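This is what each chain is made of:
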Amino acid sequence: MPQSQPPVVPVDTVMAELQDRVRNRLRAELLQHGASRALEDPEVFAEVERVLREAASRTSVRALLLPEFLGDPAGWRLEPALTYPSHRGAMAATMIRGVKQRLLMPALRWLFEYSHDNFVRQQRVNHALFACVQELAIQNAELRRELGRRADR
Amino acid sequence: MKLACVIHRYGPDIAGGSEAHCRQLAERLAARHDVTVLTTRARDYVTWANAYPEGRSRVNGVDIIRFPVRRQRRLKAFADLSDEVFETRSSPERQEAWFRENGPDVPLLLEHLRAHGDDYDLVLFWSYRYYTSYFGLPLVADRAVLLPTAEEDPAIGLDVLEPYFGKPAGYLFLTPEEGELVSRRAGRRLEPAAVIGAGLDPAPPRPDRSAVDALGIAQPFLLYVGRIDRNKGCHTLFEYFLEHLDEGGIDTTLVLAGPAKIPVPAHPRIRALGFVDDAVRDALLAHARALVVPSPYESLSIALLEGWNHAVPALVNGDCRVLEGQVQRANGGLYYRSAKEFSEALTWLLSHEPQARTLGLQGLAYVEREYRWEVVMDRVERLLAEVRTRRS
């Protein structure tokens, strides 16, 4: 979809100015609250922001490597969905499940929904942290490879 | 050509985006082609309960065949299955089960495609996520044209979509970002394809302020149009807007025009009008300082295009690639990814009135260039002709 003529007000230029202002304000606030002095360098800050933003945008569990090494998912994965397991025989289990579903669950729905929302949020944060670790590991591997190349020269 | 349009719900009283898109396109295609809509008896998109009468009817030159929904959506089972398939590496069988639970479950529509699919030159499918498209398209893949209406939501990551997206004979996308997303999931460039968007008629002449004044809305105001819903990012919009005011940002009012599905904060600077008629909606659009589109998931925002149709600049959620891409291509507004960016961009729009107005006019020029009906229908007709030629 080509642009027919140059814009009088280019969005990219305005956005670059706005984002720069926000970045500087954010950096000042972080430093004021005791963040690492390394962030005093605007270029370092911009690079850190880029890495974290990129990681935060790739949090699909199918794009993450770390879960592969955490072992049995039952041991670490949050289960937001509510299930009604029972160790009893088929008849008793059906009755107890019915009581849980039809009597207890409606009464406790508010608590379930509150917990469910929080589990989902926690899961999102976990995946974001997995993605950050993955991004840093990738960068570390790339730097090591570059160092190796330089050492070979 | 004899064309079939497959859609999960159909009717002039249905407000959904893909449903309206299908109806508008079907009615325009009917001027040149023999068009039959294959759909369900459902009106409600949550339960899929049968509501319309079964069988054949004809509306605005389009033949409609409605098939009964076998069972309503089981909300708890669907929610649990969604958690399972989106948050774990689930099997293809469980992912297919998700499409079944999502519904609407209309086996007779599939039967019709099996028995009569060859009677149509081409079969157009809207929205990959529904049972009708997911299970219907493979039955007539050699003549199928898919309008995926794909968004960057969890469903697009399902593994079973990789082979599915490779099946159609042609593709109609709403934006270039949607085309890239679906191609990425298919693992290859998808052809033949066209980016068509949605058609718009020119806005009516700019109304005066009387309808806005009658509501007691002071200038300048920021406008949101559409369903007030969590899925539309409205909860985040409220949070960012209130933070903007709390931190001493330029005073303005957030006006919401649409039915509320979540609680709206009680605040003197937030006005929820509920459903408004077309005249009020046009007046609001004509006099808003900016239109805000906070949705994280969009394959195309009609509200955004309507705003530009009224020369209103946009303020959109930059985490949604489609919205950011639309704003950049149109040079028609600003975008944000955080509360601070929201406040900074809103402040700019409020304090740079002439430039903000220019952004709105640039948006209007973009709509004139890309989204008038003759432009859209020309792209659709060319793609359909190409698919048919390739088939023969």
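Residues numbered from 1 in each chain as written. Chains lettered and ligands numbered in written order. Predicted model: local features only at pLDDT ≥ 70, side-chain atom pairs only at ≥ 80, totals over all residues. Heavy atoms only, no water.

Visitor: Help me out: how do you make sense of the overall build of chain B in this one?
Guide: Across its full length, chain B carries 15 helices and 14 strands. For chain B, whose C-alpha radius of gyration is 21 Å, the value lies close to the compact-globule estimate of 21 Å for 392 residues. Overall, the C-alpha framework of chain B stretches about 65 × 45 × 40 Å when taken along its three principal axes. The buried share of chain B, taken over its 392 residues, is 58%. If you take every contact in chain B between residues at least 6 apart in sequence, the share linking residues at least 24 apart comes to 68%. (Helix = DSSP H or I, 4+ residues; strand = E, 2+ residues; numbered from the N terminus. Rg over C-alpha atoms; globule rule 2.2 N^0.38 Å. Buried < 20%, exposed > 50% of the residue type's maximum accessible area, 1.4 Å probe, protein only. Contact = heavy atoms within 4.5 Å.)

Visitor: Looking at this structure, I do not really get the layout of surface pockets. What am I missing?
Guide: With a probe scaled to a water molecule rolled over the atoms, the places where space remains empty come into view. Residue and element names in this part refer to chain B. Roughly 350 Å³ of internal volume is contained in the second largest pocket. Lining the second largest pocket are 18 residues, with Arg206, Ala286, Ala288, Ala311 and Arg357 sitting closest to its centre. Contributing elements (two or more residues each) for the lining of the second largest pocket: helix H10 (278-287) and helix H14 (353-370). In terms of residue count, H14 provides more of the lining of the second largest pocket than any other element does, four residues in total. Of the residues that constitute the lining of the second largest pocket, the class distribution is ten nonpolar, four polar and four charged. (1 Å grid on protein atoms, 1.4 Å probe; cavity = no way out; pocket = protein on both sides within 12 Å on 5 of 7 lines; lining within 4 Å. Points joined across faces, edges and corners; volume = space filled by probe spheres on them. Nonpolar A, V, L, I, M, F, W, Y, C, P; charged D, E, K, R; others polar.)

Visitor: It is not clear to me how the side chain of Glu19(B) should be interpreted in this structure. Could you clarify?
Guide: Residue and element names in this part refer to chain B. By the secondary structure assignment, glutamate 19 is in helix H1 (residues 17-29). Engagement of the side chain of glutamate 19 in a polar contact is seen with the side chain of histidine 8, the distance being 3.2 Å. Residues contacting glutamate 19, with those up to four places away along its chain left out, are Ile7, His8, Arg9 and Ile14. (Polar contact = N/O pair within 3.5 Å; in protein donor to acceptor, adjacent residues only side chain to side chain.)

Visitor: I keep staring at the sheet that holds strand S1 (residues 2-6) of chain B and nothing clicks. Help me out?
Guide: All names here are of chain B. Read across the sheet, eight strands follow the order S3-S4-S2-S1-S5-S6-S7-S8 without closing on themselves; strand pairing throughout is mixed. For this open sheet the edge positions go to strand S3 (55-59) and strand S8 (193-195), each flanked by a neighbour on one side alone. Averaged over all pairs of adjacent strands, the angle between their axes in this sheet comes to 20 degrees, without regard to strand direction. Pairing analysis gives three bridges linking strand S7 (residues 170-173) to S8, with the strands arranged parallel. In the strand pairing of S8, phenylalanine 173 is matched with valine 195. Running over the sheet, H1 touches S1, strand S2 (34-40), strand S4 (62-67), strand S5 (122-126) and strand S6 (144-147) and is turned about 155 degrees from S5. Its contacts with the sheet place helix H15 (residues 373-391) against S1, S5, S6, S7 and S8, and it is angled at close to 130 degrees to S5. (Pairing = 2+ DSSP bridges. Axes fitted to C-alpha atoms, helices over the stretch in contact; angles between N-to-C directions.)

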